[in-house]
Every structure is written in C-alpha cells, then in structure tokens.
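The chain contents come next:
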Amino acid sequence: MAITDSLVSSGNVYIQELPGFLPGLDCAMLRLDLLHPQVSGNKWYKLKHNISAAQQQGKTMLLSFGGAYSNHLLALAAAAAHYGMSSRGIVRGLYAERALTPVLQQCREYGMQLEFLERQAYDQKTDPGYTAQLSSRYPDAFIIPEGGANAAGRAGAGEIAELVPSVFTHIAVSVGTGTTFIGLRNALPSGQQLLGFVPMKGGRYLEPEIRACLLPGKQVHWSLTDDWHFGGFGKTDPELLSYLHSFEQQYGFRLDKVYTAKMMYGLQRIAGSGGFPSGSRILAIHTGGLGGN
Ligand SMILES: *Cc1c(COP(=O)(O)O)cnc(C)c1O
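Reference entry: report on the structure contained in this document. Predicted model, so just to flag it, every value in this text is computed and none were measured.

Right, let's talk about the sheet that holds strand β3 (residues 61-66) for a bit. On the basis of which strands lie adjacent, the open sheet formed by four strands has the order β5-β4-β3-β6 and parallel pairing. A single partner strand is all that each edge strand has here, and the edge strands are β5 (113-117) and β6 (141-143). Each neighbouring strand pair of the sheet contributes to a mean axis angle of 25 degrees, computed without reference to strand direction. The pairing of β3 with β6 spans three bridges and is parallel. Across the sheet, the residue bridging to L63 is I143, located in β6. Contacting β3 and β4 (86-92), helix α2 (residues 71-82) runs over the sheet at an angle of about 170 degrees to β3.

Moving on, we get to the site of the ligand. Within the structure, the ligand sits among 16 residues, and K43, G176, T177, T180 and T287 are positioned closest to it. Between the ligand and G176, the relevant distance is 2.7 Å, taken from an oxygen atom to a main-chain nitrogen or oxygen of the residue. Between the ligand and G178, the relevant distance is 2.9 Å, taken from an oxygen atom to a main-chain nitrogen or oxygen of the residue. About the coverage of the ligand: the protein hides 97% of its 390 Å² of free accessible area. Top contributing element to the shell around the ligand by residue count: helix α1 (residues 42-56), with three residues.

Within the secondary structure, T131 is located in helix α6 (residues 128-137). Distance in space between the C-alpha atoms of T131 and L184 is 28 Å, their sequence separation being 53 residues. In this view, T131 contacts K125 and I143; residues no more than four positions away in its chain are not counted.

The next subject is the nonpolar core. Formed by 57 residues in total, the largest nonpolar core has its most connected members in W44, L62, L104 and C107. Counting residues per element, this core draws most heavily on α2, which supplies eight residues. Discounting residues that sit within four places of it in the chain, L62 has contacts with I51, A54, L76, A80, M85, S86, S87, R88, F142 and I144. Membership of the second largest hydrophobic core comes to 28 residues, among which are W228, L255, M263 and I270.

So, about the side chain of N71. With respect to the helices and strands, the residue N71 is situated in helix α2. Residue N71 is classed as buried on the basis of its relative accessible area, which comes to 17%. Every residue in contact with N71, bar those within four places of it in the chain, is listed here: K43, Y259 and G289.

What counts, and at which threshold
- The numbers attached to residues start from 1 for each chain and follow its sequence in the written order.
- Totals for whole chains, interfaces and linings use all residues, but because this is a predicted model, local features are given only for residues with pLDDT of at least 70 and pairs of side-chain atoms are given and counted only at 80 or more.
- In computing side-chain values, all of the structure's heavy atoms are included and hydrogens and water are not.
- At least two bridges found by DSSP between two strands are what make those strands a pair.
- Only runs of H or I of at least four residues qualify as helices and only runs of E of at least two qualify as strands under DSSP, and these elements are numbered from the N terminus.
- Angles shown run from 0 to 180 degrees and are taken between the N-to-C directions of axes, each axis being a line fitted to C-alpha atoms and, for helices, limited to the stretch in contact.
- Between two residues, a contact is recorded if the distance between any of their heavy atoms is within 4.5 Å.
- Near is defined per residue: the residue qualifies when any heavy atom it owns lies within 4 Å of the molecule or strand.
- Polar contacts, as used here, are pairs of N or O atoms within 3.5 Å; protein pairs need one atom able to donate a hydrogen and one able to accept it. Residues neighboring in sequence count only if both atoms are side-chain atoms.
- All accessible-area figures derive from a Shrake-Rupley calculation using a 1.4 Å probe, and residue coverage is judged against the displayed protein chains alone.
- By nonpolar core is meant a set of buried Ala, Val, Leu, Ile, Met, Phe, Trp, Tyr and Cys residues that side-chain atoms within 4.5 Å join together.
- Here's how the labels work: a residue is buried when its accessible area is under 20% of the maximum for its type, exposed when over 50%, partly exposed in between, all with a 1.4 Å probe on protein chains only.

And the structure:
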C-alpha cells in the first residue's frame, strides 16, 4: 500500500479558538490530536517519511525504541499494522515486562513484538555497533531511532508548519526529543517565535542538540523553557490534574498529562507575568498523546 493511502486524515485537524485562555491575547490550539486515536499528533509526522523510506527499501518490519509510556512506539505499532508491516519495539527497563502499561498492551494488540532491555543495555540504542547487530538479526527491519529522532522525522515534523497560519506571532509546542521542535523551527517563517515547553527537569540540556540541527537562517526566534515540569518527566501533582480537569470542562477536549497540560499551564503563567507583548497571537500545538490513556 502506498504511503499516500494515509491512515490519518489531516482533514480532521482544525484550529480551535480558546476564548479567555490568555486574558487580552488571542490564543488558539492546533488540534493535531484529532489525526488518529493512536497515531496522533506529531507522531504521525515523524513517522511518515520513515515509513515510506522503509517501503522503498523493501523492508517489511519497523523497529524502534521507547519507554513503557512511549506514544512513539504505539503510533509505530498502529502504523505498521495499517501498512501490513510487522513491528518490533525495544523497551527501556526490564520492570516494564512484568506489568505492561496500557500503551504497551496496545502495542502488543497491534502485533508488535516487544523486547525488554535493562537500562544500561538500552542506552546503547544509538551505538552503530549495536544497530548493525540488530540489522543482522532482523534483516527485514527498518530501524527508526527513539522518538523518530532522525532527519526523516524532522522533515516530516516540518510539514506541521503548513497548518500554521501566518497571523500567529508565537507558536507553542511540547518538547521530548526536540525532533518536532527542530522540524517546526526549520520550516516556520523566521518571524514567528517558537516556544518549546520541556516537561522534564533540566530539560534545557536539549538546547545545543537543537541548535546543531537548525538551518543557519533559523538560529534565532526560539526558546525553550523547563520551568513547568511538575517534578519531572511523567510526574503529576494534584494541581496539574485539577488543571487538566478544568481545561476539559471549559473547552470540551482533553490535554495529555505528560506534555500538553504542562505546556498550557506554562503558557498561562508566562502570559500572566506579562511575557507576551500586547497584540501577540498565540497558537499552541496539541501534539496528541491521548492514545495510551
Ligand atoms: C512525543 C510527544 C511529544 C514530543 O515530541 P518530540 O518530537 O520528541 O520532541 C510532545 N507531545 C506529545 C503529546 C508527545 O506524545
């Protein structure tokens, strides 16, 4: 099946106004979460060119890496099933095998073969020696790095920029590996500010990695913040959970608690302390991530 027989429909995506979200400023959300229940948000964009490259090379398996809560592995498992390919997920942490998370259960339902590695072994995931060994073990596999973090992933993520109208002055997006952020920064017009919200402690360690992948003309008009991590990656507290709930009550759709809830919370805090010049128009990107819930 050709990749153009897409399993997602970008016709489902729209921009939803968020009246009153940032007092005195226009704010809206790009609803990429509506692409597909499991292959949602940025994950589809990061996978699409990887999958077409795999097909062109005649590969029949998609192989990638992730943690027990990896939206990337879930999207990959669902996409592989759709395109008639097999899939293999290498999962960080032996403990994850004992009690499968809902995400990994769904991966398995899509036919993904799961392999669990202790953390030290998992950390070899990018060693050329290790990936060469994987390729000889699975000659039919097309290997995609964790989070879809390769050039094809960044190029695909750049296509999200086509959905961003030029009237917006600031674009907000959540950051995990930074792949989506890099793709967007390289593709958006330079004048649009790109704000990245990293939901992990000390997340600004990503800055040099991001800078290294940006086109020469795109080194400015972006920033990262890790101020709203709520204790670290995957951590929540009662305040964040009640924030999630009241957002859903007010606007009628859900945010995910790992990424987008922390971003929206942070956006309100930045606006509340006068961080946006008057007249700013802010577009937050809903990168999905609801499939594992
Ligand atoms: C994976 C994910 C991200 C992070 O994307 P990167 O390209 O790795 O930075 C952001 N938001 C959601 C909902 C995700 O699932």
